[in-house]
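Results of the structural survey
As a plain string of letters, each chain reads:
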Amino acid sequence: SPAGMVLSVVVILLLSMLYEAVKMGKAVLLRRALLALPLSLSHENLVEPQEGDTGPTQSRRYPSLMGFPISHRWFRYHVGQTLFHVVQVVLGYMVMLAVMSYNAWIFLGAIVGSTLGYFV
């Protein structure tokens, strides 16, 4: 029916816009995550103190990932980026499956939605 087709095109348009919004949100979160990293990447900041060390960094313990210290704030940003990525992949596959119906109106809805989502 024509109403069903219009509804389908509008849903695909909104999904495409949401895909672009998630993509931009992921980029903003990446920028914030990079700002949460330490400014100095010197050897002293990257290596955890040993058990017998008596240096000034002895009192500070940083969690590390493969030898690199990570802050809790950076870790939260990374978890957020991961969740945004999962949502982005799911939305992308949903739009792709809709476009693979080979319906010109659905295809145009995906293109217009992607364009509007990027523009906004």
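As named in an unreviewed UniProt entry, the protein is Copper transport protein, taken from Brachypteracias leptosomus. The Sequence similarities (unreviewed entry) comment attached to the protein in UniProt states, word for word, "Belongs to the copper transporter (Ctr) (TC 1.A.56) family. SLC31A subfamily."

A contiguous nonpolar surface patch, about 670 Å² in accessible area, is contributed by Val 89, Tyr 93, Met 96, Leu 97, Met 100 and Tyr 102. With respect to the secondary-structure elements, Val 89 resides in helix α3 (residues 72-99).

Our next topic: the pattern of salt bridges. This model, assessed by the stated rule, comprises one salt bridge. With a closest N to O distance of 3.2 Å, Lys 23 and Glu 20 form a salt bridge. Highlighted residues: Lys 23 and Glu 20, both in helix α1 (residues 2-36), separated by three residues, approximately one helical turn. Here Glu 20 falls in the buried class, since its relative accessible area comes to 5%.

Residues Val 9, Ile 12, Leu 15, Val 22, Leu 91, Val 95, Ala 98, Ile 106 and Ala 110 constitute the largest nonpolar core, which totals nine residues. Put simply, the parts of the chain that give this core at least two residues each are α1, α3 and α4 (104-119). With four residues, the top contributor of residues to this core is α1. Leaving out residues up to four positions away in the same chain, Leu 91 has contacts with Leu 15, Leu 18, Tyr 19 and Val 22.

Relative to the 51 Å expected for 35 residues at 1.5 Å per residue, α1 spans 51 Å between its end C-alpha atoms, a close match to the ideal helical length. Considered for burial, the residues of α1 that qualify are Val 9, Ile 12, Leu 13, Leu 15, Ser 16, Glu 20, Val 22, Leu 29, Ala 33 and Ala 36. Turning to α1, the residues buried within the fold contact α3 and α4.

All right, on to unusual backbone geometry then. Non-glycine residue Tyr 102 carries a positive phi angle of around 60°. Along the chain, the position of Tyr 102 falls in the loop between α3 and α4.

Where α1 meets α3, the axes come as close as 9 Å, and the angle between the chain directions of the two elements is 160°. Between α1 and α3, the angle is such that the two are roughly antiparallel. Classified by chirality, the crossing of α3 by α1 is left-handed. Of the residues belonging to the contact of α1 with α3, the class tally is 18 nonpolar, seven polar and four charged.

A separate point is the confidence of the model for the protein. Of the residues in the protein, 72% have a pLDDT of 70 or more, and the chain-wide mean is 80. Across the protein, α4 holds the top mean pLDDT of 94, while helix α2 (residues 43-46) sits lowest at 50.

Relative to the elements of secondary structure, Leu 35 occurs in helix α1. Among the residues examined, Leu 35 registers a relative accessible area of 65% and is labelled exposed. Remark: the alpha-carbon pair of Leu 35 and Trp 74, spanning 39 residues in sequence, is separated by 8.7 Å.

The rules behind the values
- Residues numbered from 1 in each chain as written.
- Predicted model: local features only at pLDDT ≥ 70, side-chain atom pairs only at ≥ 80, totals over all residues.
- Heavy atoms only, no water.
- UniProt positions renumbered as here; feature names shortened; annotations may be inferred.
- Patch = residues over 30% accessible without salt bridge, like charges linked within 9 Å, V, L, I, M, F, W, Y side chains within 5 Å.
- Areas by Shrake-Rupley, 256 points an atom, 1.4 Å probe, with all protein chains shown as cover.
- Salt bridge = Lys/Arg side-chain N within 4 Å of Asp/Glu carboxyl O.
- Helix = DSSP H or I, 4+ residues; strand = E, 2+ residues; numbered from the N terminus.
- Buried < 20%, exposed > 50% of the residue type's maximum accessible area, 1.4 Å probe, protein only.
- Core = buried A, V, L, I, M, F, W, Y, C linked by side-chain atoms within 4.5 Å.
- Contact = heavy atoms within 4.5 Å.
- Expected span 1.5 Å × (residues − 1).
- Axes fitted to C-alpha atoms, helices over the stretch in contact; angles between N-to-C directions.
- Parallel < 35°, antiparallel > 145°, perpendicular 65-115°, else oblique.
- Left-handed = near helix turned anticlockwise from the far one by under 90°.
- Nonpolar A, V, L, I, M, F, W, Y, C, P; charged D, E, K, R; others polar.
- pLDDT = per-residue confidence, 0-100.

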